[in-house]
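# Descriptive structure summary
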Amino acid sequence: MLDSGFSLSRVELLNWGNFHGYQKFALHEHTNSGPLFSPPSASAILGINGSGKSTLIDALMIALLPFEGSLKLGVTNDVEGGGGGGRTVKDYVLGKHSSSTGVAMEPNSIYGRKDGCSLVLLTFSHNAHPNRSLTLGRAWWYQNHKVSDSQVAFLTYKDLRLESLCPDKRTPTTAKAF
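Here the structure is a predicted model, which is why all the values come from computation and not from measurement. (Residues numbered from 1 in each chain as written. Predicted model: local features only at pLDDT ≥ 70, side-chain atom pairs only at ≥ 80, totals over all residues. Heavy atoms only, no water.)

This part covers the side chain of Asn127. By the secondary structure assignment, Asn127 is in the loop between β3 (116-126) and β4 (133-143). With relative accessibility at 13%, the residue Asn127 sits in the buried group. Of note is the side chain of Asn127, whose polar atom sits 2.6 Å from the side chain of Ser7. (Helix = DSSP H or I, 4+ residues; strand = E, 2+ residues; numbered from the N terminus. Buried < 20%, exposed > 50% of the residue type's maximum accessible area, 1.4 Å probe, protein only. Polar contact = N/O pair within 3.5 Å; in protein donor to acceptor, adjacent residues only side chain to side chain.)

So, in structure tokens, the structure goes:
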């Protein structure tokens, strides 16, 4: 592991893709357990088909790269299935679970979420000073199956957690409430 720089230590999601509610993926926690039990220098994302590996990777990409219009999201699934459409940020925010086949369908039958907020938080720990953290994130709001133009991107040199942004498991209903 490098002594300088930051390593991804935690991913937190709220209503992203088919991950409903709050999800936390801790990659490693720094402890004082000695050299035999040091954090791993690499992590892998493993799971069966449809378990959310690509959804998690797309959350990382959309949080790290602000130009989402040029990103190819969900392409692994489309390449394997022979499609070429990919997924959009709207699909992830609204929890798309069904593809439309050109036939007019009600939004309730395509999307799993109608009103609320989606958040992606990435927390990085400094390699040489694990008590130093950096958190970056993105937030989107949606109402009546429509993603609002209001969205927030942020970066802070703190160990920010989803619980502190959404106390009592209440999600901010607007960008102003955030």
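Continuing now.
Extensive coverage of β4 is indicated by the burial of ten of its eleven residues. Relative to β4, β3 is paired through ten bridges, and the arrangement is antiparallel. What sits directly across from Gly116, in β4, is Tyr142. Connecting β3 to the next strand, β4, in antiparallel fashion are six residues. (Pairing = 2+ DSSP bridges.)

With that settled, the discussion passes to the packing of aromatic side chains. Taken as a whole, this structure holds three aromatic pairs when the rule is applied. Ring centres 4.8 Å apart and planes at 10° place the aromatic pair Trp16 and Tyr92 in the stacked group. Here Trp16, found in strand β1 (residues 6-16), pairs with Tyr92, found in helix α3 (residues 89-94); they are 76 residues apart in sequence, far enough to count as distant. Neither residue differs from the other here; Trp16 and Tyr92 are each classed as buried. Grouped by ring-pair contacts, the aromatic residues Trp16, Tyr92 and Trp140 constitute a single cluster. (Phe/Tyr/Trp six-rings, centres within 6.5 Å; stacked < 30°, edge-to-face > 60°.)

Residue-level pLDDT values for the chain average 78, and 71% of them are 70 or greater. Note on residues 33-37: pLDDT under 50 across the span, and zero contacts to partners over four residues away in sequence or across chains. (pLDDT = per-residue confidence, 0-100. Contact = heavy atoms within 4.5 Å.)

Here the focus is helix α1 (residues 53-64). For α1, with twelve residues, the first-to-last C-alpha span of 17 Å sits near the 16 Å given by 1.5 Å per residue. Taken together, the buried positions of α1 are Thr55, Leu56, Asp58, Ala59, Leu60, Ile62 and Ala63. Buried-residue contacts for α1 involve β1, β2 (19-26), α3, β3 and β4. (Expected span 1.5 Å × (residues − 1).)

Below, the discussion takes up the sheet that holds β1. Pairing within the open sheet is antiparallel, and its five strands lie in the order β2-β1-β3-β4-β5. Two strands lie at the open edges of the sheet, namely β2 and β5 (146-156), each paired on one side alone. Taking each pair of neighbouring strands and ignoring which way they run, the sheet shows an average axis angle of 10°. α1 rests against β1, β2, β3 and β4 of the sheet, and its axis sits at about 110° to β1. (Axes fitted to C-alpha atoms, helices over the stretch in contact; angles between N-to-C directions.)

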